[in-house]
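Here is how the chains run, residue by residue.
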There are 2 protein chains.
Amino acid sequence: MVTLKDVAREAGVSPKTVSRVVNDDPAVNVKTREAVSEIIQRMHYVPDHAARMMRMSHSSVVGVMTDAVATTPYSVDIIRGAQSGLREQARTMLIANTDGDPKQENEYWKVFRAHKVAGAVYATTYHRPVDLGAPDFERGIVLANCYSARRSHCSVVPDDEGGGYMQARHLIELGHRRIGIVSLSPVLRATVLRGAGYRTAFAESGLFYDPSLEVPGFVTRPDGGEDLVAYDASLGLLRRAESPTAIICGNDQIAVQVYAAAASLGLSVPEDLSVMGFDDMTIITHTLKPMLTSVALPYFEIGRTAVDLLARINGESEGPVPPQVLVPCPLVERHSCRQI
Amino acid sequence: MVTLKDVAREAGVSPKTVSRVVNDDPAVNVKTREAVSEIIQRMHYVPDHAARMMRMSHSSVVGVMTDAVATTPYSVDIIRGAQSGLREQARTMLIANTDGDPKQENEYWKVFRAHKVAGAVYATTYHRPVDLGAPDFERGIVLANCYSARRSHCSVVPDDEGGGYMQARHLIELGHRRIGIVSLSPVLRATVLRGAGYRTAFAESGLFYDPSLEVPGFVTRPDGGEDLVAYDASLGLLRRAESPTAIICGNDQIAVQVYAAAASLGLSVPEDLSVMGFDDMTIITHTLKPMLTSVALPYFEIGRTAVDLLARINGESEGPVPPQVLVPCPLVERHSCRQI
DNA sequence: GGGTGGATTGACATCGGTGTCACAACCTGG
DNA sequence: CCAGGTTGTGACACCGATGTCAATCCACCC
């Protein structure tokens, strides 16, 4: 390994001077700097992270702890977003996947401490409350896609209520008046929030919110798993005397089954029925025919915002540190909704 | 920060003895060990990774570099698999997402060097050849989901040929004789390999491979993007005089459109048409009605195998170091294929 | 000529662990 | 009772960087 001393010897200067060049200390003569830089290049010198970290007693690494961000495809974009932000901060990412096991979590908090990480992001697969307990970790923690019920850490979450509002309002603006809803499991926070959004949009336009037009697309089995029953649920909706002209779906998977149910009744999308998804999983939205209009979960932005917030908490960048940041869920228009 | 010395002072022993306890050195009296352990617990002492790494001049971190493992959902399982293996090795993971940009890659190879990572896994989104050039990195590198055309690094890749063989053979065993294929873009290595698999299965059973029954489900646009045209492609197949009784799909997205095309012709799956997917993306396979039989891409296993291989390269575990490991693609039976 | 001050540079201690080697205490057998 | 071995422990240097502070050089001014 090439060390600072090696470079110094080669350049005929002291190690400290090389250190100054490496760290862009302005108090170095231009000629010296150039000579040393040249030698650094030539010798492929890379400063030893461990030594630097030890001396400075903090590292340029941020820990990211997740329950199982891979389970829902695309929530992994939280990781990508975080990575993108960290790159700009010239930081790197130590990642820990705990499968939600508190024992593993504790272990990894220790690992983070051992690595003296500059802070941590705790990301979850679903938007939900978490209780971190009192992790053995003294640096800043930011929650991503989850929030602390006890408000003990600041959090970055998707604006599900706004997303629900967007879904409903877009359809209302297209002229729809009878709008069915095939929702996610009612225990999910997202379902509650989006429901609030629907109602706001309905109320704004003087529409009556008819509870019988909202049916669950997933049901919970006794064993805790979930069954997707959107096909039958939407069939029920579409067979009603006064059937809806549009259906809002709790996610894009539900939309797949709504398409199938409509097809089985000889209805075509969007001529006979407008369909609106949620999540904007391109693997589905681009695959359905016609391509599905959906409201996106801004995972990438959530990850990015989380690391930005972390930098603020650590005082490395300017700006306020709000206890919670809501990231908007943008509407992505494609071809499954039409004016009536 | 609590240091080794603090613990030593508190316990009335030398720092070296504490170090021995931390590292499970057997040459410590049981009573001493217990006393020291107790104090370590009480003081929440965590050994400083940086200091240890500096002294030992290697770290317990493995670098994982990816182009954009998040793009295809589930290929992120490579990361989960790697993590799972590393956990057993008591290692952690430094992750770098380069978006395939060689400049970023070079930057991150340096970061890996600076961190003295024990080795690196280079993972890609699609199964493809890569040319790493000569990265400025002296530790072991294992390729995951990609391979070196110049055989300069060892690799772990899915057995696409075997997967194609499984798809075809399963349908043949169910009695199908006219089998259509809606494939991926022909430029993909996966397409070529699976094609070989189909042919092997056909030949084994004395079936004639009819090229007119194979049509592409994706076409490449002039701008390099891909359009999913499986709907029309499969319509063409199904409208033929002697239409196929089963369709093999290049991936699960294609299967979605095959289902739709079949529905539009009044054909139902699997009664009138058996459909076989590839990739086993549960978000699709569990969503389609009936649920889709598919061949899984073993991303998790690929990630795990890659870090196991890395440990072998580094001599930390026993076993041979083959230049390439093929991970089988298992068939996952659901309800979209039936006996005829 | 001597003093002043800014610009550069270097000597040295230090961060928190671990390797090396010496040393004390305790056995064990002749 | 002592040589020789085993066991347990500690003193000390060192890994590779950086902070502190002092030294040196040079231009400039009175």
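See the structure above.
Each chain carries its own residue numbering, running from 1 in the written order of its sequence. Naming scheme: in the order in which they are written, chains are lettered from A and ligands are numbered from 1. Given that the model is predicted, a residue must reach a pLDDT of at least 70 before its local features are reported, and side-chain atom pairs must reach 80 or more before they are shown or counted; all residues, however, enter totals for whole chains, interfaces and linings. For the side-chain quantities, the full set of heavy atoms in the structure was used; hydrogens and water were omitted.

Q: Sorry if this is basic, but what is going on with the relation of the copies chain B and chain A here?
A: Relating one copy of the chain to the other takes a rotation about an axis and a shift parallel to that axis. Here the copies are superposed with least squares, the fitted atoms being C-alpha atoms of residues at a pLDDT of at least 70 in both. Each copy of the sequence occupies a distinct position, and chain B is placed on chain A by a rotation of 180° and an axial shift of 0.0 Å, giving an RMSD of 0.1 Å. Such values leave the two copies arranged in the relation of a two-fold axis. Any pair of residues with heavy atoms lying within 4.5 Å of one another is described as a contacting pair. Interface overlap between copies is the fraction of interface residues in one copy that are interface residues in the other; for chain B against chain A it reaches 100%, indicating a shared surface.

Q: Can you help me understand the protein's contact with DNA strand D in this one?
A: Throughout, near means a residue has at least one heavy atom within 4 Å of the molecule or strand. The local shell around DNA strand D holds 24 residues, among which Leu4(A), Ser19(A), Thr17(B), Arg20(B) and Thr32(B) are the closest. Counting only the atoms of DNA strand D that lie within 4 Å of the protein, the sugar and phosphate share comes to 53%. With respect to DNA strand D, the side chain of Asn23(A) contributes an N or O atom lying 2.9 Å from a phosphate oxygen. Definition of a polar contact: a pair of N or O atoms within 3.5 Å, with one able to donate and the other able to accept a hydrogen when the atoms are protein atoms, and with sequence-neighbouring residues admitted only if both atoms are side-chain atoms. A distance of 3.0 Å separates a base oxygen of DNA strand D from a polar atom in the side chain of Arg55(B). Secondary structure elements are defined from DSSP: runs of H or I of at least 4 residues count as helices, runs of E of at least 2 residues count as strands, and each element is numbered from the N terminus. Of all the elements in the fold, those that place two or more residues in the surface near DNA strand D are α2 (15-22) and α4 (49-56) of chain A together with α2 (15-22) and α4 (49-56) of chain B. Sorting elements by how many residues they give to the surface near DNA strand D places α4(A) first, with 5 residues. Looking at the surface near DNA strand D residue by residue, the class counts come to 10 nonpolar, 7 polar and 7 charged. Throughout, the ten residues Ala, Val, Leu, Ile, Met, Phe, Trp, Tyr, Cys and Pro are labelled nonpolar, Asp, Glu, Lys and Arg are labelled charged, and all others, Gly among them, are labelled polar.

Q: Where do I start with the nonpolar core in this structure?
A: Soluble globular proteins: nonpolar side chains tend toward being buried together. Ranked by size, the top nonpolar core spans 141 residues in total, and within it Val182(A), Val275(A), Val182(B), Ile254(B) and Val275(B) carry the most contacts. The contacts of Val275(B), once residues within four sequence positions are left out, are Ile247(B), Cys249(B), Ala255(B), Val258(B), Tyr259(B), Val269(B), Leu292(B), Thr293(B), Ser336(B) and Cys337(B). Counting 32 residues, the second largest nonpolar core, distinct from the first, contains Phe112(A), Cys146(A), Tyr108(B) and Ile141(B). Put simply, a nonpolar core is a bunch of buried Ala, Val, Leu, Ile, Met, Phe, Trp, Tyr and Cys residues held in one set by side-chain atoms that sit within 4.5 Å of each other. Under the scheme applied here, a residue whose accessible area is under 20% of the maximum for its type counts as buried, over 50% as exposed, and between as partly exposed, the area being computed with a 1.4 Å probe on protein chains only.

Q: Could you clarify how one ought to interpret the packing of aromatic side chains in this entry?
A: Where two aromatic rings form a pair, the distance of their centres and the angle of their planes describe that pair. Under the pairing criterion, centres of Phe, Tyr and Trp rings, with the six-membered ring standing for Trp, must be within 6.5 Å; the plane angle then separates stacked pairs below 30 degrees from edge-to-face pairs above 60, leaving the rest tilted. This model, assessed by the stated rule, comprises 8 aromatic pairs over all chains. By way of ring pairs, the aromatic residues Trp109(A), Phe112(A) and Phe137(A) are connected into one cluster. Any Lys NZ or Arg CZ that is within 6 Å of a ring centre and within 35 degrees of that ring's normal is treated as a charge sitting over the ring. Directly above the aromatic system of Phe278(B) lies the positively charged group of Arg194(B), at a separation of 3.4 Å from the ring centroid.

Q: Help me understand the environment of Glu161(A) in this model?
A: Residue and element names in this part refer to chain A. Counting through the fold element by element, Glu 161 comes out in helix α7 (residues 160-173). For Glu 161, a relative accessible area of 35% translates into the label partly exposed. Distance in space between the C-alpha atoms of Glu 161 and Lys 103 is 34 Å, their sequence separation being 58 residues. Other than its neighbours up to four places away in sequence, Glu 161 contacts Leu 193, Arg 194, Ala 196, Gly 197 and Thr 200.

Q: I keep staring at the protein's contact with DNA strand C and nothing clicks. Help me out?
A: Around DNA strand C sit 23 residues in total, of which Thr17(A), Arg20(A), Thr32(A), Ser19(B) and Arg55(B) are the nearest. What you see for DNA strand C is that sugar and phosphate hold 55% of its atoms within 4 Å of the protein. Tyr45(B) has a polar side-chain atom sitting 3.0 Å from a sugar or linking oxygen of DNA strand C. With respect to DNA strand C, the side chain of Arg52(B) contributes an N or O atom lying 3.0 Å from a phosphate oxygen. Only α2 and α4 of chain A together with α2 and α4 of chain B provide two or more residues apiece to the surface near DNA strand C. Broken down by class, the residue content of the surface near DNA strand C amounts to 9 nonpolar, 7 polar and 7 charged.

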